[in-house]
Amino acid sequence: MKVLVIGSGGREHALCWKLSQSSKLSHLFCAPGNAGISSIAELVPVSAEDIKELFTFAISHNVDLTVVGPEVPLAEGICDVFRAGGLRIFGPSRAAAQLEGSKAYAKRFMAKYGIPTGRFDVCDNFVYAFESLQKYSFPVVIKASGLAAGKGVIICEDIGSARNTLNAILNERTFGEAGSQVVIEEYLRGEEASILALTDGEKYACLSPSQDHKRLLDGDRGPNTGGMGAYAPAPVITPQLQERIEVEILRPTLAGMIEDRARFTGCLYLGLMICDDGPKVLEYNVRFGDPETQAVLPMLKSDLLELMNATLDGDLDPQAVELHDGAAVSIVMASGGYPGRYEKGKAISGLSDVPDGVTVFHAGTSLKDGQIVTSGGRVLGVTARGTDIKSALDLAYEGVDVIDFDEKYFRRDIGYRAV
Ligand code: AMP
Ligand code: GLY
């Protein structure tokens, strides 16, 4: 099969890496990709958000399957366009992508179908939103309802910051149209975990449960980022808890989507808080997580291309999904200054000196005069698998230690909860 992967981050490098191991693959394209992906796929210089150009490319190059990485083209209906044109594509329809594209929709959906989540209100004007705050204690969570590139969730410690946040989102529109509605939500305490499930809308297969580290600094302190590292499996998800999540959350979600005439196909991501009284949904994503995918796919023994095809054909057999024993970790190396301002164009050395067993997934890299240079905040995901989390971490950090670029930054404590 000729396969096209859409996107340019670490997640897409991991998807390309896993797909390229399939005996069913004849040619791999990636649009637009990055410097690391260029060693395993032919890069296509088309933006991940240019649905029309992507469709034209897939038609003219006889692409047999397209796999979508990021959420924006999904929310804009890329799968509907491709399917209407007779093309095979892995991902949800625009209607189903609402689960991520509108937090207001997702929360109302969960309320309708009794899926455990934090108490909430949806508001579209400041006065009503401010009044609703009275029902909550602090801290309280305020979320822009629409897509905000992972920046739309603000945890407010007191009434002053909650008022300022509501004013910024609803009146000043700091997130643009994504902030035309806000979700006010009860603050949940517990440990977070992510579940990725491949699904045709009814049958599903869960990949290894994982955990990412959103905060910049060691000890899970400092500002939120796109994710500084991930590991899989997350021991907080015991087999009993996994069963509970499937019964109380995953199956009712899939059934509810069918009931709402928005059957979900593709990869459904459950962002969970494991609270004292059970697992609750923090968010749905309608795609593979980043950086979770960089740890989860190395744990998958089965052929991903076969699994995606089976999913699309309605033949997904959960028993056929084989996982490796042990654990995998992915350590993010970032540009100094991220998630604030940072410089680009720093030469990266040591990429070919990493020890055997270390795979380096590129995120923000590009090629400049034959040299791989930094071109984003999160630059690399240095990844290893081991017989346990400790050995995976030791190996991955050996890899991190031989890679160098000016002002590199990474956390030293990825996976500490599991160790
Ligand atoms: P989301 O994009 O909705 O997952 O939110 C991003 C991050 O904000 C989550 O990974 C949590 O760390 C935090 N968060 C979101 N909602 C809540 C909540 N209700 N209680 C506590 N933390 C939350
Ligand atoms: N790791 C969280 C996300 O992919 O949005």
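Residues numbered from 1 in each chain as written. Chains lettered and ligands numbered in written order. Predicted model: local features only at pLDDT ≥ 70, side-chain atom pairs only at ≥ 80, totals over all residues. Heavy atoms only, no water.

A. Highlighting the pairing of strand β2 (residues 27-32). Where strand β1 (residues 2-7) lies against β2, 6 bridges are found, and the strand directions are parallel. Across the sheet, valine 3 pairs through a bridge with leucine 28, a residue of β2. Regarding topology, helix α1 (residues 10-19) serves as the crossover connection from β1 to the parallel β2, and that connection is right-handed. Relative to strand β3 (residues 42-43), β2 is paired through 2 bridges, and the arrangement is parallel. Across the sheet, the residue bridging to cysteine 30 is leucine 43, located in β3. (Pairing = 2+ DSSP bridges. Helix = DSSP H or I, 4+ residues; strand = E, 2+ residues; numbered from the N terminus. Right-handed = clockwise from strand over helix to strand, strands pointing away.)

B. Quick look at helix α5 (residues 94-101). When α5 is considered as a whole, its buried residues turn out to be Ala96, Ala97, Leu99, Glu100 and Gly101. Against the buried residues of α5 lie α3 (71-75), α6 (103-112), α9 (239-259), β16 (266-275) and β17 (278-285). (Buried < 20%, exposed > 50% of the residue type's maximum accessible area, 1.4 Å probe, protein only. Contact = heavy atoms within 4.5 Å.)

C. Looking closely at the nonpolar core. Formed by 50 residues in total, the largest nonpolar core has its most connected members in Ile78, Leu99, Leu270 and Tyr284. Counting residues per element, this core draws most heavily on α9, at 6 residues. When sequence neighbours within four positions are dropped, the list of residues in contact with leucine 99 reads Tyr105, Ala106, Phe109, Thr253, Met257, Phe264, Leu268, Tyr284 and Val286. Grouped together as the second largest cluster of nonpolar side chains are 36 residues, Leu196, Ala295, Leu304 and Leu307 included. (Core = buried A, V, L, I, M, F, W, Y, C linked by side-chain atoms within 4.5 Å.)

D. Summary view of the site of ligand 2. As a structural note, the neighbourhood of ligand 2 is formed by Asp212, Tyr269, Asn285, Arg287, Gly289, Asp290 and Glu292. At a separation of 3.2 Å, an oxygen atom of ligand 2 approaches a polar side-chain atom of asparagine 285. Residue arginine 287 places a side-chain N or O atom 2.8 Å away from an oxygen atom belonging to ligand 2. For ligand 2, whose unbound accessible area comes to 200 Å², protein coverage reaches 86%. (Near = heavy atom within 4 Å. Polar contact = N/O pair within 3.5 Å; in protein donor to acceptor, adjacent residues only side chain to side chain. Areas by Shrake-Rupley, 256 points an atom, 1.4 Å probe, with all protein chains shown as cover.)

E. Local environment of the site of ligand 1. As a matter of local geometry, ligand 1 sits amid 13 residues, with Glu185, Glu186, Leu188, Glu192 and Glu283 nearest to it. Separating a nitrogen atom of ligand 1 from a backbone N or O atom of leucine 188 is a distance of 2.8 Å. Taken by itself ligand 1 offers 470 Å² of open surface, and the protein chains cover 91% of this. Elements with a contribution of two residues or more to the shell around ligand 1: β7 (140-144), β9 (182-186) and β17.

F. Here's a closer look at the packing of aromatic side chains. Across all of its chains, the model carries 10 aromatic pairs by this definition. Summarising the aromatic geometry, the rings of phenylalanine 29 and phenylalanine 57 are spaced 5.0 Å apart at their centres and angled 85° between planes, so their arrangement reads as edge-to-face. Pair noted here: phenylalanine 29 is in strand β2 and phenylalanine 57 is in helix α2 (residues 51-60), with a separation of 28 residues, a long-range link. As far as burial versus exposure is concerned, phenylalanine 29 and phenylalanine 57 are alike and both buried. Where phenylalanine 109 meets tyrosine 284, the ring centres are 6.4 Å apart and the plane angle is 75°; that geometry is what we call edge-to-face. Of this pair, phenylalanine 109 sits in helix α6 while tyrosine 284 sits in strand β17, placing them 175 residues apart in sequence. (Phe/Tyr/Trp six-rings, centres within 6.5 Å; stacked < 30°, edge-to-face > 60°.)

G. Summary view of the sheet that holds β9. One open sheet accounts for 4 strands, arranged β6-β9-β7-β8; its pairing is antiparallel. The sheet is open, and its two edges are formed by β6 (120-123) and β8 (153-156), each paired on a single side. Each strand axis lies, on average, 20° off the axis of its neighbour in the sheet, ignoring direction. Packed on one face of the sheet, α6 meets β6, β7, β8 and β9 and runs near 140° to β6. Each of β6, β7, β8 and β9 is contacted by helix α8 (residues 159-171), which is oriented at about 5° to β7, the strand it contacts most. (Axes fitted to C-alpha atoms, helices over the stretch in contact; angles between N-to-C directions.)

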